Amino acid sequence: MKKLSYSFLFFLVIFFHGGKSFSQNIIKLDSLQLALKRAGSDTAKFNTLMQLSNLYNGTDYLKALEFAREAKEFAIEKKLKKKELLAETTIGNVAISQGNYKIAATHYFNVLKAYEEIQDTSGIISLNNNLGAAYDRMGEFDKALASFFKAQEYLNASNNGENKKLVLPSIYNNIGNIYQTKGDPNSALTYYEKALDLALQVPKLKAQGIAYNNIGKLYFNELNQPEKGLEYLTKGLAFREEIGDLGEVARSLVILSNFHFQQKEYAKGKQYAQRALEIGEKIGSLDIQSSAFGRLSEIAEANGDFQTALVAFRKSKEFNDSIINQQASREITRLQLQYDFEKEEKIRSEEASQTRFKYLLTITALSVGLILAVLITFIIRSKARQTEMNQKNLALDVEIKNKELTTNVMYLIRKNELINNVAERLLKLQRRVLPENQKVFQEIILDLQREADNDSWKEFELRFNQVHSEFYTTLRKLYPDLSPADEKLCAFLRLNMSSKEIAAVSQQSIKSVEVARARLRKKLNLTNTNSNLVSHLANL
């Protein structure tokens, strides 16, 4: 069964706890618990919580999840965004270890979106690689390839050459694994060789051993070139022995044992299986011991040693049962984690629904408020425009009436001048008529003068009140002691009439009008001031 490779730079760290003794883990656990209590800074506390989560990952997933969640909540509380994302990635890693690939993918996707928002290239590369791993485990190979290619694209676009050498080999190995699973050995070989070429440029990079093994198995199983397969498998073993990775050395030995068994080279196959068994016992790895005993059982059976084959088979099954028991325990834990996750998702979904409802309610209220505001503004502006138009119309009407009034006054002036002229001519003719007719002439002259004075004033006052309806009210309120003659003079002056024009309308001499104006200034308290009498009356 193929195994995806993951660089430590991608946060998805695979721990081989079989290589650590129980006592070592206890010592480290106690040390970390003490460090957590004594943590003097936010960073120290967060890092300790993460180490505790990683330590438990593989032995106690609930504990691993508990510490990862605590780290995330602490990061949120302290507003440490990148550490929050790292903690959520670790929660996804625990889910991957436990087989909750869908849950892992959900966490990885949330973190990826956050990294894209803050444009963190390293985080985007990391989470695309993690998402690819989750999709691969779920059998969604096209999605897995898309994620790996996206990680590759970002890496190639970056300017960090050293980072490319460290990270790209793992991505290429992962892409090769997907193509191999999809039954495309040639594409798989292309990416495995790319991974190996880059890994060779970095001393002791784990991806080098993985690439050797992947190419060896591909040549042996799919491409039917056992000689080349053996060459790469042997190089993979030599590299793993060089870096001292006992777990991986044992796995290479199991693969080589199987290779020689398939080639019917039973002695060599047995030799490799026995070496793998010794390492498996040393590091306490159940799966390696089960695989090694399985190979020894098959080799013994092929050699006709059925007793040895049976004993080895029972041992293999015994270890395999232990693994199954562990897997059953892990499955129970996985189901518990899945239940907790789904419960939290339901709570988050309900909270999100409430938030959306509040948001929609707020938007609706704001929209209604905005519509009302626009409507009110429109009504106010319409009224303002109407008022402005009315004022303009009123002003225009006043102006027209003022012009009519002025025209009418000029008409009265001409009319009075004509009447006065006729009266004067009649006076001159009166001396020439017979004495018995002079009395009639005198009566006619007096009638003309009376009629001119009464008609002129009545008509003027009527038209003046039509245009300046509030003038007399305001004038009488401010100056209650004015006589009717004073009010009449005020009206003439309101129209900006000259003393000559007033004299013509009122049947007075110009001098009399000037004297009346002087008296009026005194009554209006304008004596000894620079105020213009006409302007003062116009402002009332």
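In case you missed it, the structure is sitting above this.
What you are looking at is a predicted structure, and each value in this text was computed from that prediction instead of being measured.

S.K.: Let's hear about the packing of aromatic side chains: which residues, and what values?
M.R.: Applying the stated criterion across every chain, the model contains nine aromatic pairs. Note on tyrosine 212 and tyrosine 232: the rings are 6.3 Å apart at their centroids and 40 degrees apart in plane angle, and the pair reads as tilted. Taken as a pair, tyrosine 212 in helix 10 (residues 206–221) and tyrosine 232 in helix 11 (residues 226–243) lie far apart in primary sequence, 20 residues in all. Comparing tyrosine 212 with tyrosine 232, the two get one shared label, buried. Here the aromatic residues Phe149, Tyr172, Tyr179 and Tyr191 are joined through ring pairs into a cluster of three or more. Here lysine 194 stacks its cationic end above the ring of tyrosine 191, 4.8 Å away from the centre of that ring. Of note, lysine 235 hangs over the ring of tyrosine 232, and the distance from its end group to the ring centre comes to 5.7 Å.

S.K.: Could you give me a rundown of the environment of lysine 194, with the residues and numbers involved?
M.R.: Inspection of the secondary structure assignment puts lysine 194 in helix 9 (residues 185–199). The partly exposed category is assigned to lysine 194, whose relative accessible area is 34%. In the structure, lysine 194 is positioned 21 residues away from asparagine 173 in sequence and 8.4 Å away in space, judged by C-alpha atoms.

S.K.: Kindly report on the pattern of salt bridges, identifying the contributing residues and their values.
M.R.: Summed over the entire model, instances satisfying the criterion amount to 15 salt bridges. Put simply, glutamate 84 and lysine 81 hold a salt bridge, and the shortest N to O gap is 3.7 Å. Linking glutamate 84 with lysine 81, this pair stays in helix 4 (residues 81–98), spanning three residues, or about one helical turn. On the basis of relative accessible area, glutamate 84 is assigned to the buried category, the value being 14%. The partly exposed category is assigned to lysine 81, whose relative accessible area is 42%. Here glutamate 298 and arginine 295 are joined by a salt bridge, their closest N and O atoms 3.1 Å apart. One end of the pair, glutamate 298, and the other, arginine 295, are both in helix 14 (residues 286–302), three residues apart, so they sit about a helical turn from each other.

S.K.: Got a sec to walk through the side chain of threonine 90? Specific residues and values, please.
M.R.: Examined against the element boundaries, threonine 90 turns out to sit in helix 4. Note on threonine 90: relative accessible area 5%, which makes it buried. For threonine 90, the residues in contact, after removing those within four places along its chain, are Met50, Ser53, Asn54 and Ala68.

S.K.: Would you mind going over unusual backbone geometry in detail, with residue names and values included?
M.R.: Of note, asparagine 525 is a non-glycine position whose phi angle comes to about 60 degrees, a positive value. Mapped onto the fold, asparagine 525 is located in the loop between helix 20 (510–523) and helix 21 (533–538). The exposure class assigned to asparagine 525 is exposed, which follows from its relative accessible area of 59%. We note that asparagine 528 has phi near 60 degrees; this positive angle belongs to a residue other than glycine. One can find asparagine 528 in the loop between helix 20 and helix 21.

S.K.: Tell me what's going on with helix 18 (residues 484–494), and back it up with residues and numbers.
M.R.: Residues of helix 18 that are buried: Asp486, Glu487, Leu489, Cys490, Ala491, Phe492 and Leu493. Positioned one or two residues after helix 18, asparagine 496 has a phi angle of 60 degrees, which is positive.

S.K.: Describe the packing of helix 6 (residues 121–137) against helix 7 (residues 141–157), naming the residues involved and giving the relevant values.
M.R.: Remark: helix 6 packs on helix 7, axes separated minimally by 8 Å, with the N-to-C direction vectors making an angle of 160 degrees. The angle between helix 6 and helix 7 falls in the class roughly antiparallel. The chirality of how helix 6 crosses helix 7 is left-handed. Contacts between helix 6 and helix 7 involve Thr121, Ile124, Ile125, Asn128, Asn129, Leu131, Gly132, Ala133, Tyr135 and Asp136 from the first element and Phe141, Lys143, Ala144, Ser147, Phe148, Lys150, Ala151, Tyr154 and Leu155 from the second. Class assignment for the residues of the contact of helix 6 with helix 7 results in eleven nonpolar, five polar and three charged.

Reading guide: rules and limits
Residues numbered from 1 in each chain as written. Predicted model: local features only at pLDDT ≥ 70, side-chain atom pairs only at ≥ 80, totals over all residues. Heavy atoms only, no water. Phe/Tyr/Trp six-rings, centres within 6.5 Å; stacked < 30°, edge-to-face > 60°. Helix = DSSP H or I, 4+ residues; strand = E, 2+ residues; numbered from the N terminus. Buried < 20%, exposed > 50% of the residue type's maximum accessible area, 1.4 Å probe, protein only. Lys NZ or Arg CZ within 6 Å of the ring centre and 35° of its normal. Salt bridge = Lys/Arg side-chain N within 4 Å of Asp/Glu carboxyl O. Contact = heavy atoms within 4.5 Å. Axes fitted to C-alpha atoms, helices over the stretch in contact; angles between N-to-C directions. Parallel < 35°, antiparallel > 145°, perpendicular 65-115°, else oblique. Left-handed = near helix turned anticlockwise from the far one by under 90°. Nonpolar A, V, L, I, M, F, W, Y, C, P; charged D, E, K, R; others polar.

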